[in-house]
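The primary structure of each chain is shown beneath.
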Amino acid sequence: ETGVTQSPTHLIKTRGQQVTLRCSSQSGHNTVSWYQQALGQGPQFIFQYYREEENGRGNFPPRFSGLQFPNYSSELNVNALELDDSALYLCASSLGTGAGELFFGEGSRLTVL
Amino acid sequence: GQNIDQPTEMTATEGAIVQINCTYQTSGFNGLFWYQQHAGEAPTFLSYNVLDGLEEKGRFSSFLSRSKGYSYLLLKELQMKDSASYLCAVRSAGNNRKLIWGLGTSLAVNP
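Basis of the calculations
Residues numbered from 1 in each chain as written. Chains lettered and ligands numbered in written order. Predicted model: local features only at pLDDT ≥ 70, side-chain atom pairs only at ≥ 80, totals over all residues. Heavy atoms only, no water. Contact = heavy atoms within 4.5 Å. Buried area = accessible area lost by both parts, 1.4 Å probe. Salt bridge = Lys/Arg side-chain N within 4 Å of Asp/Glu carboxyl O. Polar contact = N/O pair within 3.5 Å; in protein donor to acceptor, adjacent residues only side chain to side chain. Helix = DSSP H or I, 4+ residues; strand = E, 2+ residues; numbered from the N terminus. Nonpolar A, V, L, I, M, F, W, Y, C, P; charged D, E, K, R; others polar. Phe/Tyr/Trp six-rings, centres within 6.5 Å; stacked < 30°, edge-to-face > 60°. Buried < 20%, exposed > 50% of the residue type's maximum accessible area, 1.4 Å probe, protein only. Pairing = 2+ DSSP bridges. Axes fitted to C-alpha atoms, helices over the stretch in contact; angles between N-to-C directions.

**Quick word on the interface of chain A and chain B**
Listed per partner, the contact involves 26 residues of chain A and 19 residues of chain B. Summed over both partners, the interface of chain A with chain B comes to about 1800 Å²; 52% of that surface belongs to carbon and sulfur atoms. At the junction of chain A with chain B, the criterion picks out 0 salt bridges. Run the count over chain A and chain B and you get 2 residue pairs in polar contact (both at pLDDT 80 or more). Contributing elements (two or more residues each) for the side of chain A that touches chain B: β4 (31–37), β5 (44–50), β6 (53–57) and β9 (87–94) of chain A. By residue class, the composition of the side of chain A that touches chain B is 9 nonpolar, 14 polar and 3 charged.

**As for the packing of aromatic side chains**
For any pair of aromatic rings, the description consists of the separation of the ring centres together with the inter-plane angle of the planes. All names here are of chain B. Applying the stated criterion to the full structure yields 16 aromatic pairs over all chains. Ring geometry for F33 and Y48: centres 4.6 Å apart, planes at 40 degrees, overall tilted. Of this pair, F33 sits in strand β4 (residues 32–37) while Y48 sits in strand β5 (residues 44–49), and the two are 15 residues apart along the sequence. You can call Y48 partly exposed: its relative accessible area is 22%.

**Looking at the sheet that holds strand β1 (residues 5–7) of chain A**
All names here are of chain A. As summarised here, the arrangement of the 4 strands in space is β1-β3-β8-β7, forming an open sheet in which the pairing is antiparallel. This sheet does not close on itself; its edge strands, each paired only once, are β1 and β7 (64–68). On average, each strand axis in the sheet is tilted by 15 degrees relative to the strand beside it, whichever way the strands run. When β1 meets strand β3 (residues 19–24), the two strands line up antiparallel, connected through 3 bridges. Residue pairing in the sheet places Q6 in a bridge with C23 of β3.

Shown next, in the form of structure tokens:
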């Protein structure tokens, strides 16, 4: 157990809809990063939040947005869902920036029909 | 560009030793990670190398050569439960934790 929890674990949406995924970081961790992992692929970095501010972003369009709250939990929002957004969305928490491992949640599996 | 290469699939026998290689080309280097991922589950941390050399942790060891852009993960005394995908990830330079991931090596351990 990593102490990182994500919700929901599974969900199904239709094209054009919007989705919000949630992540509670490990106690004491102030950094949360989000990854998209398509089937058979490695995770792709979406963005990272440190102390409630975005401080890094991968090659994802603006319809992928996020938020980090004062308790360091985080949300990932995806608007105008497309079929290719179907993937496992992973949240990882860590303490500060720099060296050290990431602790992953179990992920939210999104299917877009 | 940034690129991480590792074999797609490997097969080994229970009790044996297997070495999974990873080569990388990234803009800056701030550490290399190995993660294990079972199907349908989140990745779990195995090792972290930032200096050249071998890091040993029980049955698992990881090696890094920064000058060669090369790492390997060594698994000894293989067990059936080691059947999983093994992901190599490099943290790029800079203050954020952006990891660049390989596609993973799917290891099948046979009896």
